[in-house]
Amino acid sequence: HWGARGWVLHQNTDLWRATAPMDGPSWGAWPVGGAWLVTQLWDHYLFSGDEQYLRDVYSIMKGSVEFLLDILVEHPEYGWLVTAPSNSPENFPAWEGNGRFFDEVSALFLKARTISAGPTMDMQIIRALFDAYAEAAELLGVDGDLRDEVRAKRQQLAPLQIGRHGQLQEWIEDWEEIEPEHRHLSHLWGLFPGNEITPESTPDFAAAAETTIDLRGTGGCGWSMGWKMALWARLLDGPRALAQFATLIGDDTLPNLFSLCGRALQVDGNFGATAAIAEMLVQSQGGRIHFLPALPDAWAAGSATGFRARGGFEVDFRWESGKLATATIHSRNGNTVRIRSDEALVVSSEGRQISPRVLTGGLIEFDTRAGSTYLLSGG
(Lines give C-alpha, C1' and ligand atoms only; values in the text may rest on other atoms or scores of the structure.)
Protein backbone atom coordinates (compact mmCIF):
# COMPACT_ATOMS: atom_id res chain seq x y z
CA HIS A 1 0.00 0.00 0.00
CA TRP A 2 2.71 2.50 0.93
CA GLY A 3 5.92 1.35 -0.76
CA ALA A 4 7.80 2.14 2.44
CA ARG A 5 10.29 0.47 4.71
CA GLY A 6 9.44 -0.52 8.27
CA TRP A 7 5.92 -1.28 9.43
CA VAL A 8 2.55 0.39 10.01
CA LEU A 9 -0.68 -0.21 11.90
CA HIS A 10 -3.71 1.58 10.56
CA GLN A 11 -6.73 2.68 12.56
CA ASN A 12 -8.09 -0.85 12.74
CA THR A 13 -5.96 -4.00 13.03
CA ASP A 14 -7.84 -7.05 14.26
CA LEU A 15 -7.43 -10.52 15.74
CA TRP A 16 -7.33 -12.06 12.26
CA ARG A 17 -4.17 -10.08 11.47
CA ALA A 18 -5.84 -8.01 8.76
CA THR A 19 -3.39 -5.22 8.01
CA ALA A 20 -4.98 -3.43 5.04
CA PRO A 21 -6.78 -0.12 5.61
CA MET A 22 -10.41 -0.80 6.55
CA ASP A 23 -13.44 0.95 8.02
CA GLY A 24 -14.30 3.03 4.99
CA PRO A 25 -12.27 5.32 2.75
CA SER A 26 -11.11 7.82 5.39
CA TRP A 27 -9.86 7.04 8.89
CA GLY A 28 -9.20 3.42 7.97
CA ALA A 29 -6.07 4.60 6.15
CA TRP A 30 -4.78 6.63 9.10
CA PRO A 31 -1.02 5.93 8.99
CA VAL A 32 0.20 6.73 12.51
CA GLY A 33 -1.58 4.15 14.67
CA GLY A 34 1.61 2.14 15.01
CA ALA A 35 3.63 5.24 15.83
CA TRP A 36 1.24 6.04 18.69
CA LEU A 37 1.75 2.57 20.15
CA VAL A 38 5.52 2.94 19.90
CA THR A 39 5.40 6.11 22.01
CA GLN A 40 3.89 3.91 24.73
CA LEU A 41 6.83 1.52 24.47
CA TRP A 42 9.13 4.50 25.07
CA ASP A 43 6.97 5.64 27.99
CA HIS A 44 7.38 2.18 29.52
CA TYR A 45 11.13 2.64 29.34
CA LEU A 46 10.87 6.09 30.95
CA PHE A 47 8.98 4.61 33.89
CA SER A 48 11.23 1.59 34.31
CA GLY A 49 14.67 2.73 33.13
CA ASP A 50 15.25 -0.86 31.98
CA GLU A 51 17.96 -0.63 29.31
CA GLN A 52 17.57 -4.27 28.28
CA TYR A 53 13.89 -3.62 27.61
CA LEU A 54 14.87 -0.63 25.47
CA ARG A 55 17.25 -2.83 23.48
CA ASP A 56 14.45 -5.36 23.01
CA VAL A 57 12.00 -2.82 21.57
CA TYR A 58 14.52 -0.68 19.69
CA SER A 59 14.00 -2.46 16.36
CA ILE A 60 10.24 -1.85 16.66
CA MET A 61 10.88 1.86 17.21
CA LYS A 62 13.31 1.96 14.30
CA GLY A 63 10.87 0.26 11.91
CA SER A 64 8.12 2.75 12.72
CA VAL A 65 10.51 5.66 12.19
CA GLU A 66 11.69 4.27 8.83
CA PHE A 67 8.08 3.98 7.67
CA LEU A 68 7.33 7.59 8.57
CA LEU A 69 10.50 8.91 6.96
CA ASP A 70 9.46 7.21 3.71
CA ILE A 71 5.86 8.49 3.62
CA LEU A 72 6.38 12.10 4.73
CA VAL A 73 6.06 14.53 1.82
CA GLU A 74 6.57 18.26 1.45
CA HIS A 75 3.36 20.30 1.53
CA PRO A 76 3.13 22.07 -1.85
CA GLU A 77 2.01 25.38 -0.32
CA TYR A 78 3.71 25.60 3.08
CA GLY A 79 6.83 23.48 2.61
CA TRP A 80 6.31 21.54 5.85
CA LEU A 81 6.71 17.78 5.95
CA VAL A 82 3.29 16.13 6.31
CA THR A 83 1.49 12.82 6.13
CA ALA A 84 -0.69 12.55 3.01
CA PRO A 85 -3.20 11.08 2.70
CA SER A 86 -4.30 11.15 6.31
CA ASN A 87 -7.13 12.47 8.48
CA SER A 88 -7.96 13.58 12.02
CA PRO A 89 -9.92 10.67 13.51
CA GLU A 90 -12.84 11.00 13.31
CA ASN A 91 -14.07 14.55 12.84
CA PHE A 92 -15.35 16.08 9.61
CA PRO A 93 -13.69 19.32 8.42
CA ALA A 94 -16.17 21.80 6.96
CA TRP A 95 -14.14 22.74 3.93
CA GLU A 96 -15.78 23.85 0.73
CA GLY A 97 -18.50 21.47 -0.38
CA ASN A 98 -18.37 19.41 2.79
CA GLY A 99 -20.65 20.95 5.40
CA ARG A 100 -22.97 22.63 2.92
CA PHE A 101 -24.45 19.34 1.73
CA PHE A 102 -24.27 17.50 5.04
CA ASP A 103 -27.93 16.47 4.95
CA GLU A 104 -27.89 15.46 1.30
CA VAL A 105 -24.83 13.31 0.73
CA SER A 106 -24.23 9.75 1.77
CA ALA A 107 -22.32 8.85 4.92
CA LEU A 108 -19.71 7.16 2.73
CA PHE A 109 -19.10 10.37 0.81
CA LEU A 110 -18.82 12.32 4.06
CA LYS A 111 -16.19 9.92 5.33
CA ALA A 112 -14.18 10.42 2.17
CA ARG A 113 -14.20 14.15 2.81
CA THR A 114 -12.20 13.74 6.01
CA ILE A 115 -9.02 13.12 4.00
CA SER A 116 -6.42 15.82 4.63
CA ALA A 117 -2.67 16.43 4.68
CA GLY A 118 -0.70 16.68 7.92
CA PRO A 119 -3.48 16.79 10.55
CA THR A 120 -2.33 18.09 13.91
CA MET A 121 -2.59 14.71 15.66
CA ASP A 122 -0.23 13.12 13.14
CA MET A 123 2.38 15.80 13.61
CA GLN A 124 2.21 15.55 17.41
CA ILE A 125 2.63 11.78 17.40
CA ILE A 126 5.48 11.89 14.87
CA ARG A 127 7.33 14.57 16.85
CA ALA A 128 6.99 12.47 19.99
CA LEU A 129 8.20 9.33 18.21
CA PHE A 130 11.11 11.10 16.50
CA ASP A 131 12.23 12.57 19.85
CA ALA A 132 11.94 9.17 21.55
CA TYR A 133 13.79 7.35 18.79
CA ALA A 134 16.63 9.88 18.66
CA GLU A 135 17.12 9.65 22.42
CA ALA A 136 16.93 5.84 22.36
CA ALA A 137 19.50 5.59 19.57
CA GLU A 138 21.81 7.94 21.44
CA LEU A 139 21.43 6.05 24.71
CA LEU A 140 22.20 2.75 22.98
CA GLY A 141 24.98 4.20 20.83
CA VAL A 142 23.55 2.96 17.52
CA ASP A 143 22.43 4.25 14.11
CA GLY A 144 23.96 7.70 14.35
CA ASP A 145 23.17 8.64 10.74
CA LEU A 146 19.51 7.68 11.05
CA ARG A 147 19.29 9.52 14.39
CA ASP A 148 20.61 12.70 12.76
CA GLU A 149 18.17 12.37 9.86
CA VAL A 150 15.27 11.95 12.28
CA ARG A 151 16.26 15.06 14.21
CA ALA A 152 16.57 17.08 11.02
CA LYS A 153 13.20 15.92 9.64
CA ARG A 154 11.53 16.58 12.98
CA GLN A 155 12.29 20.29 12.58
CA GLN A 156 10.49 20.32 9.23
CA LEU A 157 7.16 18.91 10.45
CA ALA A 158 4.05 21.09 10.29
CA PRO A 159 3.84 23.06 13.58
CA LEU A 160 1.03 23.56 16.05
CA GLN A 161 -1.25 26.46 15.11
CA ILE A 162 -3.91 28.51 16.91
CA GLY A 163 -7.12 29.18 14.97
CA ARG A 164 -9.51 32.08 14.67
CA HIS A 165 -11.54 31.07 17.72
CA GLY A 166 -8.46 30.77 19.92
CA GLN A 167 -8.60 26.97 19.56
CA LEU A 168 -5.81 24.59 18.65
CA GLN A 169 -6.25 23.90 14.96
CA GLU A 170 -7.19 20.34 14.12
CA TRP A 171 -5.90 20.64 10.56
CA ILE A 172 -3.24 22.69 8.77
CA GLU A 173 -6.03 24.92 7.47
CA ASP A 174 -8.26 26.72 9.97
CA TRP A 175 -11.35 24.79 8.98
CA GLU A 176 -14.56 24.71 10.98
CA GLU A 177 -15.92 21.33 12.08
CA ILE A 178 -19.14 19.79 10.82
CA GLU A 179 -19.56 18.37 14.34
CA PRO A 180 -18.28 21.10 16.73
CA GLU A 181 -18.99 18.89 19.78
CA HIS A 182 -17.46 15.75 18.33
CA ARG A 183 -16.44 13.16 20.94
CA HIS A 184 -12.88 12.95 19.56
CA LEU A 185 -10.20 15.41 20.63
CA SER A 186 -7.54 14.01 18.34
CA HIS A 187 -5.60 17.25 18.02
CA LEU A 188 -5.11 17.39 21.80
CA TRP A 189 -3.01 14.21 21.77
CA GLY A 190 -0.03 16.48 22.40
CA LEU A 191 -1.54 17.50 25.75
CA PHE A 192 -2.51 13.97 26.80
CA PRO A 193 -1.29 11.28 26.42
CA GLY A 194 1.59 13.20 24.85
CA ASN A 195 3.39 16.04 26.63
CA GLU A 196 4.25 18.49 23.87
CA ILE A 197 1.75 20.98 25.33
CA THR A 198 2.06 22.03 28.98
CA PRO A 199 0.94 25.11 30.91
CA GLU A 200 4.54 25.72 31.97
CA SER A 201 6.45 25.31 28.69
CA THR A 202 3.80 26.24 26.07
CA PRO A 203 1.26 28.50 27.83
CA ASP A 204 -0.25 29.83 24.60
CA PHE A 205 -0.94 26.35 23.25
CA ALA A 206 -2.22 25.25 26.67
CA ALA A 207 -4.71 28.14 26.59
CA ALA A 208 -5.71 27.12 23.06
CA ALA A 209 -6.21 23.54 24.27
CA GLU A 210 -8.49 24.81 27.05
CA THR A 211 -10.54 26.73 24.49
CA THR A 212 -10.72 23.60 22.35
CA ILE A 213 -12.15 21.50 25.19
CA ASP A 214 -14.65 24.24 26.03
CA LEU A 215 -15.84 24.32 22.42
CA ARG A 216 -16.20 20.52 22.38
CA GLY A 217 -18.33 20.51 25.55
CA THR A 218 -18.67 17.83 28.23
CA GLY A 219 -20.61 15.31 26.13
CA GLY A 220 -19.47 12.45 23.93
CA CYS A 221 -19.27 8.96 25.37
CA GLY A 222 -17.48 7.15 28.17
CA TRP A 223 -13.97 7.03 26.75
CA SER A 224 -14.03 10.62 25.50
CA MET A 225 -15.18 11.83 28.91
CA GLY A 226 -12.28 9.95 30.51
CA TRP A 227 -9.96 11.62 28.00
CA LYS A 228 -11.35 15.06 28.86
CA MET A 229 -10.73 14.34 32.53
CA ALA A 230 -7.06 13.68 31.77
CA LEU A 231 -6.83 16.77 29.56
CA TRP A 232 -8.14 18.97 32.38
CA ALA A 233 -5.70 17.29 34.76
CA ARG A 234 -2.79 18.12 32.44
CA LEU A 235 -4.08 21.71 32.42
CA LEU A 236 -3.89 21.58 36.24
CA ASP A 237 -7.63 22.17 36.59
CA GLY A 238 -8.89 19.76 39.26
CA PRO A 239 -12.44 21.15 39.56
CA ARG A 240 -13.15 20.75 35.84
CA ALA A 241 -11.59 17.28 35.78
CA LEU A 242 -13.88 16.28 38.65
CA ALA A 243 -16.91 17.85 36.94
CA GLN A 244 -16.17 15.79 33.84
CA PHE A 245 -15.86 12.69 36.02
CA ALA A 246 -19.32 13.39 37.44
CA THR A 247 -20.70 13.63 33.89
CA LEU A 248 -19.06 10.33 32.99
CA ILE A 249 -20.55 8.56 36.01
CA GLY A 250 -23.96 10.15 35.56
CA ASP A 251 -24.40 9.89 31.80
CA ASP A 252 -22.30 7.03 30.43
CA THR A 253 -21.68 4.52 33.21
CA LEU A 254 -23.70 1.39 33.99
CA PRO A 255 -24.63 0.35 37.56
CA ASN A 256 -21.72 -2.14 37.48
CA LEU A 257 -19.37 0.80 36.66
CA PHE A 258 -18.62 -0.29 33.09
CA SER A 259 -18.52 2.66 30.69
CA LEU A 260 -20.64 3.09 27.59
CA CYS A 261 -20.29 4.45 24.08
CA GLY A 262 -23.85 4.75 22.89
CA ARG A 263 -25.36 1.38 23.75
CA ALA A 264 -22.05 -0.46 23.56
CA LEU A 265 -19.84 -1.31 26.50
CA GLN A 266 -16.36 0.07 25.90
CA VAL A 267 -13.82 -0.52 28.63
CA ASP A 268 -11.77 2.41 27.28
CA GLY A 269 -13.88 4.67 29.48
CA ASN A 270 -12.88 2.74 32.59
CA PHE A 271 -9.19 2.72 31.71
CA GLY A 272 -9.33 6.38 30.68
CA ALA A 273 -11.02 7.51 33.87
CA THR A 274 -8.60 5.64 36.14
CA ALA A 275 -5.65 7.03 34.16
CA ALA A 276 -7.14 10.51 34.54
CA ILE A 277 -7.55 10.09 38.31
CA ALA A 278 -3.88 9.15 38.50
CA GLU A 279 -3.01 12.29 36.51
CA MET A 280 -5.00 14.39 38.97
CA LEU A 281 -2.95 12.99 41.87
CA VAL A 282 0.58 12.79 40.49
CA GLN A 283 2.28 13.61 37.19
CA SER A 284 5.83 12.90 36.11
CA GLN A 285 6.17 14.03 32.49
CA GLY A 286 8.84 16.56 31.65
CA GLY A 287 11.47 15.15 33.99
CA ARG A 288 9.83 16.13 37.28
CA ILE A 289 7.35 14.69 39.77
CA HIS A 290 4.40 16.90 40.59
CA PHE A 291 2.26 15.77 43.53
CA LEU A 292 -1.42 16.81 43.58
CA PRO A 293 -1.27 18.80 40.32
CA ALA A 294 -5.03 18.86 39.79
CA LEU A 295 -6.58 18.13 43.18
CA PRO A 296 -10.22 19.27 43.47
CA ASP A 297 -11.49 20.77 46.73
CA ALA A 298 -13.79 17.79 47.20
CA TRP A 299 -10.72 15.57 47.64
CA ALA A 300 -9.19 17.69 50.39
CA ALA A 301 -7.64 14.75 52.23
CA GLY A 302 -6.51 11.31 51.16
CA SER A 303 -3.65 9.00 50.33
CA ALA A 304 -2.30 6.96 47.43
CA THR A 305 0.20 4.11 47.38
CA GLY A 306 2.18 2.22 44.78
CA PHE A 307 2.15 4.88 42.06
CA ARG A 308 4.98 4.84 39.53
CA ALA A 309 6.78 7.91 38.24
CA ARG A 310 9.03 8.33 35.22
CA GLY A 311 12.69 7.99 36.07
CA GLY A 312 12.34 4.68 37.87
CA PHE A 313 10.57 5.88 41.02
CA GLU A 314 7.73 4.44 43.09
CA VAL A 315 5.79 6.89 45.25
CA ASP A 316 3.36 6.78 48.16
CA PHE A 317 1.86 10.01 49.43
CA ARG A 318 -0.72 11.50 51.75
CA TRP A 319 -2.35 14.90 51.74
CA GLU A 320 -4.38 17.00 54.17
CA SER A 321 -6.35 20.22 53.62
CA GLY A 322 -5.47 20.05 49.94
CA LYS A 323 -1.71 20.03 50.54
CA LEU A 324 0.96 17.36 50.50
CA ALA A 325 1.58 16.08 54.04
CA THR A 326 4.12 13.30 53.44
CA ALA A 327 5.51 11.34 50.52
CA THR A 328 7.95 8.50 50.15
CA ILE A 329 9.98 8.05 46.99
CA HIS A 330 11.61 4.69 46.37
CA SER A 331 14.43 4.95 43.83
CA ARG A 332 14.78 1.84 41.69
CA ASN A 333 17.65 3.05 39.50
CA GLY A 334 19.49 5.72 41.46
CA ASN A 335 18.52 8.61 39.19
CA THR A 336 18.36 12.24 40.24
CA VAL A 337 14.79 13.13 41.22
CA ARG A 338 13.27 16.51 40.47
CA ILE A 339 10.10 17.62 42.25
CA ARG A 340 7.74 20.48 41.59
CA SER A 341 6.30 21.90 44.80
CA ASP A 342 4.53 25.12 45.73
CA GLU A 343 5.60 24.69 49.35
CA ALA A 344 8.83 24.02 51.22
CA LEU A 345 9.64 20.34 51.63
CA VAL A 346 11.90 18.59 54.12
CA VAL A 347 13.77 15.64 52.59
CA SER A 348 15.36 12.81 54.54
CA SER A 349 16.64 9.27 54.01
CA GLU A 350 17.60 6.67 56.60
CA GLY A 351 17.19 9.26 59.36
CA ARG A 352 19.51 11.73 57.65
CA GLN A 353 18.24 15.06 56.38
CA ILE A 354 19.07 15.95 52.79
CA SER A 355 19.43 19.47 51.42
CA PRO A 356 17.89 19.50 47.95
CA ARG A 357 19.08 21.83 45.22
CA VAL A 358 16.60 24.65 44.63
CA LEU A 359 15.87 25.37 40.96
CA THR A 360 13.72 27.96 39.22
CA GLY A 361 10.01 27.42 38.65
CA GLY A 362 9.27 25.91 42.06
CA LEU A 363 11.53 22.90 41.45
CA ILE A 364 13.89 21.09 43.79
CA GLU A 365 16.14 18.14 43.02
CA PHE A 366 18.40 15.72 44.82
CA ASP A 367 20.48 12.68 43.95
CA THR A 368 19.31 9.20 44.93
CA ARG A 369 20.84 5.76 45.36
CA ALA A 370 19.31 2.68 43.78
CA GLY A 371 17.21 0.79 46.30
CA SER A 372 16.98 3.69 48.76
CA THR A 373 13.81 5.38 50.00
CA TYR A 374 13.37 9.11 50.60
CA LEU A 375 10.83 10.81 52.84
CA LEU A 376 9.30 14.18 51.99
CA SER A 377 7.25 16.20 54.43
CA GLY A 378 5.82 19.71 54.50
CA GLY A 379 8.22 22.26 55.92
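Worth saying up front: this structure is predicted, and the values here are computed from it rather than measured. (Residues numbered from 1 in each chain as written. Predicted model: local features only at pLDDT ≥ 70, side-chain atom pairs only at ≥ 80, totals over all residues. Heavy atoms only, no water.)

Chemist: Please provide a residue-by-residue account of the overall build of the protein, values included.
Modeler: Across its full length, the protein holds nine helices and 15 strands. Compactness check: the protein gives a C-alpha radius of gyration of 22 Å against a globular reference of 21 Å for 379 residues, within 12% of the reference. Its C-alpha atoms give the protein principal-axis dimensions of about 70 × 50 × 40 Å. Going through the 379 residues of the protein one by one, you find that 46% of them count as buried. The contacts in the protein between residues at least 6 apart in sequence include a share of 64% that link residues at least 24 apart. Across the protein, the mean location of the 30 positive side-chain charges is 4 Å away from that of the 48 negative side-chain charges. (Helix = DSSP H or I, 4+ residues; strand = E, 2+ residues; numbered from the N terminus. Rg over C-alpha atoms; globule rule 2.2 N^0.38 Å. Buried < 20%, exposed > 50% of the residue type's maximum accessible area, 1.4 Å probe, protein only. Contact = heavy atoms within 4.5 Å. Lys, Arg positive; Asp, Glu negative; His and termini not counted. Charge placed at Lys NZ, Arg CZ, Asp CG, Glu CD.)

Chemist: Describe the packing of aromatic side chains, naming the residues involved and giving the relevant values.
Modeler: Applying the stated criterion across every chain, the model contains 12 aromatic pairs. Their ring planes at 55 degrees and their centres at 5.9 Å tell us that Trp171 and Trp175 sit as a pair that is tilted. The class of Trp171 is buried, set by a relative accessible area of 2%. What makes Trp175 partly exposed here is its relative accessible area of 24%. Look at Phe366 and Tyr374: their rings are 5.5 Å apart centre to centre, the planes differ by 50 degrees, and that puts the pair in the tilted class. (Phe/Tyr/Trp six-rings, centres within 6.5 Å; stacked < 30°, edge-to-face > 60°.)

Chemist: Describe helix H1 (residues 33–48), with residues and values.
Modeler: In this model, H1 (16 residues) spans 24 Å end to end at C-alpha, consistent with the 22 Å of a helix rising 1.5 Å per residue. When we look at burial in H1, the residues that qualify are Gly33, Gly34, Ala35, Val38, Thr39, Trp42, Tyr45 and Ser48. Those residues of H1 that are buried are in contact with helix H2 (51–71), helix H4 (120–140) and strand E7 (302–309). Note on H1: the residue one or two positions beyond its end, Gly49, has a positive phi of about 70 degrees. (Expected span 1.5 Å × (residues − 1).)

Chemist: Could you give an account of the environment of Pro21, naming the residues involved and the relevant values?
Modeler: Along the chain, Pro21 falls in the segment before H1. Of the residues examined, Pro21 reaches a relative accessible area of 31% and is grouped as partly exposed. The sequence separation of Pro21 and Gln11 amounts to 10 residues, and the corresponding C-alpha distance is 7.5 Å.

Chemist: Please provide a residue-by-residue account of a nonpolar patch on the surface, values included.
Modeler: On the surface, Leu254, Phe258, Leu265, Val267 and Phe271 cluster together into a nonpolar patch covering about 430 Å² of accessible area. Looking at the element boundaries, Phe271 is found in helix H9 (residues 268–281). Here Phe271 falls in the exposed class, since its relative accessible area comes to 57%. (Patch = residues over 30% accessible without salt bridge, like charges linked within 9 Å, V, L, I, M, F, W, Y side chains within 5 Å. Areas by Shrake-Rupley, 256 points an atom, 1.4 Å probe, with all protein chains shown as cover. Salt bridge = Lys/Arg side-chain N within 4 Å of Asp/Glu carboxyl O.)

Chemist: So what about helix H7 (residues 222–234)? Which residues, and what values?
Modeler: Over its 13 residues, H7 runs 19 Å from end to end, which matches the ideal 18 Å to within 8%, given 1.5 Å per residue. Among the 13 residues of H7, 13 are classified as buried, and the element is accordingly described as predominantly covered.

Chemist: Quick rundown of the sheet that holds strand E13 (residues 357–358)? Include the residues and the values.
Modeler: The five strands are arranged E5-E6-E10-E14-E13 in an open sheet whose pairing can be described as mixed. Each having just a single partner strand, strand E5 (282–283) and E13 make up the two edges of the open sheet. The pairing of strand E6 (residues 289–291) with strand E10 (residues 337–340) spans two bridges and is parallel. Note on E10: the bridge partner recorded for Ile289 is Ile339. (Pairing = 2+ DSSP bridges.)

Chemist: Please give an account of the environment of Gly34 that cites residues and values.
Modeler: Within the secondary structure, Gly34 is located in helix H1. When neighbours within four sequence positions are excluded, Gly34 is seen to be in contact with Trp7, Leu9 and Ser64.

Chemist: Hey, could you go over unusual backbone geometry for me, with residue numbers and the actual values?
Modeler: The residue after Pro89, namely Glu90, is reached through a cis peptide bond having omega -5 degrees. Mapped onto the fold, Glu90 is located in the loop between strand E2 (81–82) and helix H3 (107–112). With an omega of 10 degrees, the peptide bond between Phe192 and Pro193 qualifies as cis. Backbone geometry places Ser321, a non-glycine residue, at a positive phi of 50 degrees.

Chemist: Describe the pairing of E10, with residues and values.
Modeler: With four bridges connecting them, E10 and strand E14 (residues 363–366) associate as antiparallel partners. When the sheet's bridge partners are listed, Val337 is paired in E14 with Phe366.

Chemist: Would you mind going over the pattern of salt bridges in detail, with residue names and values included?
Modeler: The tally for this structure, following the rule as stated, stands at 25 salt bridges. Among the salt bridges present, the one from Asp43 reaches Arg310, with a minimum N-O distance of 3.0 Å. Taken as a pair, Asp43 in helix H1 and Arg310 in the loop between E7 and strand E8 (313–320) lie far apart in primary sequence, 267 residues in all. In this structure, the salt-bridge partner of Arg357 is Asp367, at a minimum N-O distance of 3.0 Å. In this pair, Arg357 is assigned in strand E13 and Asp367 in the loop between E14 and strand E15 (373–378), connecting sequence segments 10 residues apart. On the accessibility criterion, Arg357 (36% relative accessible area) is partly exposed.

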